[in-house]
Amino acid sequence: MKRENQIAVAFRKLLKNKLATFCFILLILELILVIGAPLFTKFDPLAQDIIHHSAPGFWAKSSPKYMEGHWLGTDELGRDVWARLLYGGRVSLSVGFISTFFGIIIGTFFGVLAGFYKKLDMLISRFMDILFTFPGVLLALLIVAMLGVDTKNAAIAISIWSIPSFARMIRGRVLQIKEEEYIMAIRSIGAKDKTIILKHVLINALPTIIVIATMRIASSIMSIATLSYLGLGVPTPTPEWGSMISTGKQMIFDAPWLIIIPGIAVCITVICFNILGDKLRDILDPSLKD
């Protein structure tokens, strides 16, 4: 099979699984909605209307508090929940993708060095072990506390939190690859380390990287939601799913939808990414190929 067709073949196998296909479609629809947010809502997510605060959505059209046009209702400050959900999704997904990207770039760099060069393995592995001694959320909280509460700083914190996990898993895969016979053969004909790493090790570790990245996006979205819920992620009044849940808890008995709606958005997104990552692992794992 030609290398350039591997991704297409993997994608075709993925779509044969009904659950994975359903999750993939959901995520595509979600991306379309959040990217094209201005096209799907006429309301400003920051615009307040105190007079019509905590209005219910379509499920309570008979209620005197129901406001036409606000189909998911309004929050405690009269802001449209649907608009805040869409624009909040922009922030949550952006931080998830960006933090995962930088985390996997740096983690892959250290993981490859540790796996390929025995002399660097001890130093890098011990440094990653130090990072692992901190619980993930605690490490992120510490970083945000030092850098300040800001969306960019939250993304940096989540990226740093992701590095040791990526590095350890990539290191393990590189240790396997470098012992393969074809790697030894390439080395025996005088290939330089740089060539072996870039053209052979990284290419063969790519399936592992893709699977880890897919699952890590879910963890990153949960992380930014957690930080925002604690008031250390996205600063108010910028909408974000975690901060929406945090502010909504004050109205848990009077307007429970303020917690339920963003909570459902987080759950669906995280579950879909985890299912896709799990199915990709089954497809891309060499030991499971036909």
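Reading guide: rules and limits
- What you see as residue numbers is a count from 1 along each chain, following the sequence as written.
- Per-residue local features of the predicted model are confined to residues with pLDDT of at least 70, and side-chain atom pairs are confined, for both listing and counting, to 80 or more; whole-chain, interface and lining totals are unaffected and use all residues.
- Excluded from the side-chain calculations are hydrogens and water; all other atoms, namely the structure's heavy atoms, are used.
- To qualify as a helix, a DSSP run of H or I must reach at least 4 residues; to qualify as a strand, a run of E must reach at least 2; elements of each kind are numbered from the N terminus.
- Contact between two residues is taken to exist if any of their heavy atoms lie within 4.5 Å; hydrogens are not considered.
- Burial status follows relative accessibility: with a 1.4 Å probe on protein chains alone, a residue under 20% of its type maximum counts as buried, one over 50% as exposed, and anything between as partly exposed.
- Axis geometry follows a simple rule: fit a line to the C-alpha atoms, using only the stretch in contact for helices, then measure angles between N-to-C directions, giving values from 0 to 180 degrees.
- Oblique is the label for every angle not falling under 35 degrees (roughly parallel), over 145 degrees (roughly antiparallel), or within 65 to 115 degrees (roughly perpendicular).
- Working rule for handedness: look at the near helix, and if it is turned counterclockwise from the far one by less than a right angle, call the crossing left-handed; if clockwise, right-handed.
- When residues are sorted by character, Ala, Val, Leu, Ile, Met, Phe, Trp, Tyr, Cys and Pro go into the nonpolar class, Asp, Glu, Lys and Arg into the charged class, and all the rest, Gly among them, into the polar class.
- In what follows, salt bridge is the name for a side-chain nitrogen of Lys or Arg lying within 4 Å of a carboxyl oxygen of Asp or Glu.

### Re the side chain of R216
Tracing the backbone shows R216 in helix 9 (residues 193–229). Apart from residues lying up to four places away in sequence, R216 is in contact with T100, I158, W161, S162, F166 and S223.

### As for the environment of T151
With respect to the helices, strands and loops of the structure, T151 is situated in helix 7 (residues 151–177). T151 sits in the partly exposed class, given a relative accessible area of 26%. Among residues more than four places away in sequence, those in contact with T151 are V91, V95, G233, V234 and P235.

### Some words on the packing of helix 10 (residues 241–248) against helix 11 (residues 257–284)
Two measures define how a pair of helices packs: the angle their axes make with one another and the distance between the axes. Relative to each other, helix 10 and helix 11 sit at 150 degrees, their axes nearing to 8 Å. By the angle class used here, helix 10 and helix 11 are roughly antiparallel. Considering only the axes of helix 10 and helix 11, their crossing is left-handed. For the pair formed by helix 10 and helix 11, the contact residues are W241, M244, I245 and G248 on the first element and L258, I259, P262, G263, A265, V266 and T269 on the second. Here the residues of the contact of helix 10 with helix 11 are counted per class, giving eight nonpolar, three polar and no charged.

### Side note on the environment of R168
Residue placement: R168 occurs in helix 7. For R168, a relative accessible area of 44% gives the class partly exposed. Sequence spacing of R168 and G115 is 53 residues, and the spatial spacing of their C-alpha atoms is 9.0 Å. Not counting chain neighbours up to four residues away, the residues in contact with R168 comprise D129 and F132.

### What to know about the pattern of salt bridges
For the structure shown, the criterion picks out eight salt bridges. For the salt bridge of D278 with R281, the shortest nitrogen-to-oxygen distance reads 2.3 Å. With D278 and R281 both in helix 11, this residue pair falls three residues apart, about one helical turn. Judged by relative accessible area, which is 26%, D278 ranks as partly exposed. Residue classification places R281 among the partly exposed positions, given a relative accessible area of 39%. Taken together, the shared-partner salt bridges in this structure form one network comprising D75, E76, R79 and R84.

### Quick look at the packing of helix 4 (residues 81–116) against helix 7
The geometry of helix 4 relative to helix 7 is characterised by a closest axis approach of 5 Å and an angle of 35 degrees between their N-to-C directions. In the packing of helix 4 onto helix 7, the handedness of the crossing is right-handed. Grouping the constituent residues of the contact of helix 4 with helix 7 by class yields 18 nonpolar, ten polar and one charged.

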